Amino acid sequence: MNKLISFKNCPFVQRVMGSLIAKNIEFEIEYIELSNKPQWFLDISPNGQVPVLVTEDKTVLFESDAIVEYLDDKYAPIEQVSPEQKALDRAWSYQASKHYMPQCGTMSAKDKQTFETRLQNLSKSFAKAEKQLADGPYFKGEQLSNIDIAWLPILHRAHVIKKRSGFDLLDGFAKVQQWQKTLVESGLAAKTVPEDFEEVFSRFYLGDTYLGKLARGEECHGQQSCTEKSTSCCG
């Protein structure tokens, strides 16, 4: 059986899990703490990062892009596409994965100015998706694709942020918001994270951060009205 090595907050791992689950591939998962990486993990991971996938024949694979491509080559792809469309799918998937860390940086911003500057840059990716999205419910239309799975970590984390703080990272992008709703309501998001994900995630990103202050009512933002005493903003 395939074995996936992860830590609980990692968006790159969530993408790989999405691919495994969408393809109905059996796998087991082991979580590690990146602040205290076990030696056995360092011995098998060339860059000391997750995700790492140990395949059925004990080959150790690393880097999420490479793992997702391996799963497409090894098992039946989610959909049959032309070489040209496959290249486009990879390109749009990269538009997501290259923004995983910028999203993390935005959510972990300590003050309003830093947060808004980072969000402005992050929002450029949402604008590109908004322009490209088909009529839905998924990125290309009726069928789930690798693009949806690549964007899942970003959209899921934005969902949790809105739920816990009241701030919508996707404000102004109606198509992206509907796409997010589809992916969350499909159940795929919940299946690709541990049961305590929201708590672990919230402790990290809604602690000593600008978003955390919003969640506790210590700060207000233009999306919310302090005069109305929104429970998600001002308590």
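Presented here is a report on the structure given in the accompanying data block. (Residues numbered from 1 in each chain as written. Predicted model: local features only at pLDDT ≥ 70, side-chain atom pairs only at ≥ 80, totals over all residues. Heavy atoms only, no water.)

General note: in soluble globular proteins, nonpolar side chains tend to be found buried as a group. Of all hydrophobic cores here, the largest spans 43 residues; its most connected members are Phe115, Trp151, Leu169, Val176, Trp179 and Leu211. The biggest single contributor to this core is helix H7 (residues 146-165), with 10 residues. Once you skip the residues sitting within four places of it in the chain, Trp179 turns out to touch Ala129, Leu133, Pro137, Tyr138, Phe139, Asp148, Trp151 and Leu155. With 19 residues, the next largest nonpolar core counts Phe41, Val50, Leu53 and Leu61 among its residues. (Core = buried A, V, L, I, M, F, W, Y, C linked by side-chain atoms within 4.5 Å. Buried < 20%, exposed > 50% of the residue type's maximum accessible area, 1.4 Å probe, protein only. Helix = DSSP H or I, 4+ residues; strand = E, 2+ residues; numbered from the N terminus. Contact = heavy atoms within 4.5 Å.)

All right, on to the pattern of salt bridges then. One pass over the structure, following the stated rule, counts 14 salt bridges. Here Asp65 and Arg15 are joined by a salt bridge, their closest N and O atoms 2.5 Å apart. Taken together, the residues Asp65 in helix H3 (residues 64-74) and Arg15 in helix H1 (residues 11-22) connect sequence positions 50 residues apart. For Asp65, a relative accessible area of 35% gives the class partly exposed. Taking the relative accessible area as the measure of exposure, Arg15 reaches 5% and is therefore buried. The partner of Lys140 in a salt bridge is Asp89, and the shortest N-O contact between them spans 2.9 Å. Of this pair, Lys140 sits in the loop between helix H6 (112-132) and H7 while Asp89 sits in helix H4 (residues 83-97), and the two are 51 residues apart along the sequence. Among the residues examined, Lys140 registers a relative accessible area of 29% and is labelled partly exposed. For Asp89, a relative accessible area of 7% puts it in the buried group. (Salt bridge = Lys/Arg side-chain N within 4 Å of Asp/Glu carboxyl O.)

For the rest of this paragraph, the subject is H6. Taking 1.5 Å per residue, 21 residues should reach 30 Å; H6 reaches 30 Å between its end C-alpha atoms and fits that length. Where H6 bends most, at Asn121, the angle is about 25 degrees. If you check which residues of H6 are buried, you get Phe115, Leu119, Leu122, Ser123, Ser125, Phe126, Ala129 and Glu130. If you follow the buried residues of H6, they end up packed against H4, helix H5 (100-107), H7, helix H8 (174-185) and helix H11 (210-215). One side-chain oxygen of the residue at the start of H6 lies 3.2 Å from the amide nitrogen of Gln113, identifying that residue as Asp111. (Expected span 1.5 Å × (residues − 1). Bend = angle between axes of the 7 residues up to and from the residue. Polar contact = N/O pair within 3.5 Å; in protein donor to acceptor, adjacent residues only side chain to side chain.)

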